[in-house]
Amino acid sequence: PPDEVVTYVYGIGLLKDDSATGQNLAGAKFRIYKDKAKRILSLGLPAAGQEVLVNASFVVLESIVNTLGYVSTAAAGVADRIFTIAVIPAGAFFGAVSAMVAQNEGAGQPQRSHRCLGVGVMVSGALGVLLWLVVWLFPSAVLSIFTPDKEVIAAGVDYMTFFKFDFLFFAF
């Protein structure tokens, strides 16, 4: 995103000659270490691949639903909104666990990395099960938070019959 690029460029500008931090990147020679780059890619590519697959599946799903008419499209939109809100905590756990795993790997503590990952998956998974139960037991009530339209709620309940299982898997 453009805001991240601007922030990155601004940060590099600050570090270029910042006597407060003792950093001086002016004229610095950057070098890529193949072994370190390989390690970074081995950790980052699976996460990037997961993001690509998730987003591609949403594009395919939306294109299919959009052929079914107004009510189905609206119901899917409401369900997607619910899922998007539910994914926010899982995304936060993913970011925090990624940082902790990276720190522990960098410190030569792979056993702590595995523990961080395990705890993160357990907490995020428990949240997913809780949300699945709520959506499974009270789909109309959850959908009615976002729309008063009874026809859309009815179609949303049908949609959530299959969609609710996503809550069990988004933690992983």
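Refer to the preceding data block for the structure.
Report follows, based on the coordinates. (Residues numbered from 1 in each chain as written. Predicted model: local features only at pLDDT ≥ 70, side-chain atom pairs only at ≥ 80, totals over all residues. Heavy atoms only, no water.)

Moving on to the overall build of the protein. Broken down by element type, the protein carries seven helices and zero strands. Each helix and strand of the protein, ordered N terminal to C terminal, gives the series α-α-α-α-α-α-α. Expressed as a percentage of the 172 residues in the protein, the buried residues total 21%. By sequence separation, contacts in the protein at least 24 residues apart represent 63% of the contacts at least 6 residues apart. (Helix = DSSP H or I, 4+ residues; strand = E, 2+ residues; numbered from the N terminus. Buried < 20%, exposed > 50% of the residue type's maximum accessible area, 1.4 Å probe, protein only. Contact = heavy atoms within 4.5 Å.)

Here helix H2 (residues 34-65) contains 32 residues, and its C-alpha end-to-end distance of 45 Å stays within 8% of the 46 Å for a straight helix at 1.5 Å per residue. The largest bend in H2 amounts to roughly 30° and is located at Gly 44, with the proline Pro 46 lying one to four residues further along. (Expected span 1.5 Å × (residues − 1). Bend = angle between axes of the 7 residues up to and from the residue.)

Applying the stated rule across the entire model yields two aromatic pairs. Here Phe 58 and Phe 83 contribute two aromatic rings whose centre-to-centre distance is 6.0 Å and whose plane-to-plane angle is 55°, an arrangement assigned as tilted. In this pair, Phe 58 sits in helix H2 while Phe 83 sits in helix H3 (residues 70-106), placing the two residues 25 residues apart along the sequence. For Phe 58, a relative accessible area of 24% puts it in the partly exposed group. Judged by relative accessible area, Phe 83 falls into the buried class, the value being 9%. (Phe/Tyr/Trp six-rings, centres within 6.5 Å; stacked < 30°, edge-to-face > 60°.)

Across all of its chains, the model carries one salt bridge by this definition. A salt bridge links Arg 39 to Glu 105, with the nearest nitrogen and oxygen atoms 2.5 Å apart. Taken together, the residues Arg 39 in helix H2 and Glu 105 in helix H3 connect sequence positions 66 residues apart. Overall, Arg 39 belongs to the partly exposed group, its relative accessible area being 40%. (Salt bridge = Lys/Arg side-chain N within 4 Å of Asp/Glu carboxyl O.)

To continue, consider a nonpolar patch on the surface. Taken together, Val 129, Leu 130, Leu 133, Val 134, Trp 136, Leu 137 and Phe 138 make up a surface patch of nonpolar side chains, about 620 Å² in accessible area. Tracing the backbone through its elements, the reader meets Val 134 in helix H4 (residues 110-137). Accessibility expressed as a relative area gives 34% for Val 134, which makes it partly exposed. (Patch = residues over 30% accessible without salt bridge, like charges linked within 9 Å, V, L, I, M, F, W, Y side chains within 5 Å. Areas by Shrake-Rupley, 256 points an atom, 1.4 Å probe, with all protein chains shown as cover.)

Right, let's talk about the nonpolar core for a bit. Judged by nonpolar contacts, the single largest core of 21 residues is most densely connected at Ile 82, Leu 143, Tyr 159, Met 160, Phe 163 and Phe 167. Elements supplying a minimum of two residues to this core: H3, H4, helix H5 (139-144) and helix H6 (150-163). Considering each element in turn, this core owes the most residues, nine residues, to H3. Each residue touching Tyr 159, except ones within four places of it in the same chain, is listed here: Leu 61, Val 65, Ala 76, Ala 79 and Asp 80. (Core = buried A, V, L, I, M, F, W, Y, C linked by side-chain atoms within 4.5 Å.)

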